[in-house]
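A structural walkthrough
In case you want the letters, here they are:
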Amino acid sequence: MSYGFLDIAVTPSVEAAQASMDSDHLWKDFKGHRKSDRFSENEAAFIAERDSFYMASVSETGWPYVQHRGGPAGFLKMVDDRTLAFADYRGNRQYISLGNLAADSRVSLILMDYSRRARLKIYAHAEMVPLDADPALTALVTAPEYRAKLERIFRLRLDAFDWNCPQHITPRFTEREIAAAVQPLRDHAAKLEAENAELRARLAAMESHSA
Ligand SMILES: Cc1cc2nc3c(=O)[nH]c(=O)nc-3n(C[C@H](O)[C@H](O)[C@H](O)COP(=O)(O)O)c2cc1C
């Protein structure tokens, strides 16, 4: 079955909350997200740039659990337009997400681009893939230059995604983005310094001639 994001998100109690806030008519027959069960080039480009995301899983006791996931930019791989995969690196060895997923494969992700003030929300079913199960998938998620121990792969089957508006996202920039933004200023400063040194040298030469 193909879902829109709201088909999953809007439960009876959510519907009741919307009704109580007089917003249910906005969403009841909303068709805008019907095609959100396949990633387009837009999502692919966004996902390829991310160096982190947050993933929520569900515990057997019903508690949501959210964890930060990080890696080199593009470490969340698009296998096809309905499948993502990422390397699960050794961390604090609590294995909370891994354990949660063994009992309930549903996950919810949020991917942030703070500099462009964009966010992408994803509903998916996740499965753990051992490193020796699918060599092509292991090769895809392996980042040889990244210093972390790869323990397993998580493969995510997309159920639905949704884009959020930029409201309340404070722009933040990575060191790499800041370095790129200030490079023209650095170049300009270096040019001025060179000019300054040349002018000082000329002035010194003129002063020594006139002395
Ligand atoms: C040495 C080390 C210590 C860590 N300690 C913590 C921690 O105290 N809290 C935390 O949320 N993540 C910590 N992390 C990161 C998590 O272990 C890592 O993100 C892992 O994916 C956790 O998965 P889980 O929360 O599903 O068990 C640590 C990572 C390393 C390498």
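Residues numbered from 1 in each chain as written. Predicted model: local features only at pLDDT ≥ 70, side-chain atom pairs only at ≥ 80, totals over all residues. Heavy atoms only, no water.

**Points about the domain arrangement of the protein**
We note that the domain assignment places domain 1 (1-32), domain 2 (35-164) and domain 3 (173-211) within the protein. One C-alpha centre belongs to domain 1, the other to domain 2, and the line joining them spans 26 Å. Across the interface of domain 1 and domain 2, roughly 660 Å² is buried in total on both sides, 66% from carbon and sulfur atoms. Along the contact surface separating domain 1 from domain 2 lie 0 salt bridges. On inspection of domain 1 and its partner domain 2, the count reaches 1 residue pair in polar contact (both at pLDDT 80 or more). Classifying every residue of the side of domain 1 that touches domain 2 by side-chain character gives 4 nonpolar, 2 polar and no charged. (Domains from an automatic or database assignment. Buried area = accessible area lost by both parts, 1.4 Å probe. Salt bridge = Lys/Arg side-chain N within 4 Å of Asp/Glu carboxyl O. Polar contact = N/O pair within 3.5 Å; in protein donor to acceptor, adjacent residues only side chain to side chain. Nonpolar A, V, L, I, M, F, W, Y, C, P; charged D, E, K, R; others polar.)

**Points about the pairing of strand 7 (residues 150-164)**
A large share of strand 7 lies buried, amounting to 12 of its 15 residues. Bridging between strand 4 (residues 83-89) and strand 7 involves 7 bridges; their strand directions are antiparallel. Bridge pairing in strand 7 places Tyr-89 opposite Leu-150. Taken together, the 11 bridges between strand 6 (residues 118-129) and strand 7 define a ladder with antiparallel strand orientation. Counted as the bridge partner of Ile-122 is Phe-161 from strand 7. (Buried < 20%, exposed > 50% of the residue type's maximum accessible area, 1.4 Å probe, protein only. Helix = DSSP H or I, 4+ residues; strand = E, 2+ residues; numbered from the N terminus. Pairing = 2+ DSSP bridges.)

**Overview of the sheet that holds strand 5 (residues 106-113)**
Judged by pairing direction, the sheet is antiparallel, and its 7 strands sit side by side in the order 2-1-5-6-7-4-3 without closing on themselves. With partners counted over all chains shown, the strands left at the sheet margins are strand 2 (64-70) and strand 3 (77-80), one partner each. Across the sheet, the mean angle from the axis of one strand to that of its neighbour is 35°, orientation sign disregarded. Along the sheet, helix 5 (residues 96-103) makes contact with strand 1 (52-58), strand 2, strand 5, strand 6 and strand 7, crossing strand 1 at roughly 45°. (Axes fitted to C-alpha atoms, helices over the stretch in contact; angles between N-to-C directions. Contact = heavy atoms within 4.5 Å.)

**A few points about helix 7 (residues 175-210)**
For helix 7, which comprises 36 residues, the first-to-last C-alpha distance of 50 Å matches the rise-based estimate of 52 Å (1.5 Å per residue) to within 8%. In the structure, helix 7 departs most strongly from a straight axis at Val-182, where the bend amounts to approximately 40° and where the proline Pro-184 lies between one and four residues downstream. (Expected span 1.5 Å × (residues − 1). Bend = angle between axes of the 7 residues up to and from the residue.)

**A word on the site of the ligand**
Neighbouring the ligand are the residues Tyr-65, Gln-67, His-68, Arg-69, Arg-90, Gly-91, Asn-92, Gln-94, Tyr-95, Ile-96 and Ser-97. Contact distances for the ligand include 2.6 Å between an oxygen atom and a side-chain N or O atom of Gln-67. Separating an oxygen atom of the ligand from a backbone N or O atom of Asn-92 is a distance of 2.5 Å. A total of 630 Å² of accessible area belongs to the ligand in isolation, and the protein chains cover 52% of it. Within the residue set of the shell around the ligand, elements represented by two or more residues are strand 2 and helix 5. Examining the composition of the shell around the ligand, we find that 4 residues originate from one element, strand 2, more than from any other. (Near = heavy atom within 4 Å. Areas by Shrake-Rupley, 256 points an atom, 1.4 Å probe, with all protein chains shown as cover.)

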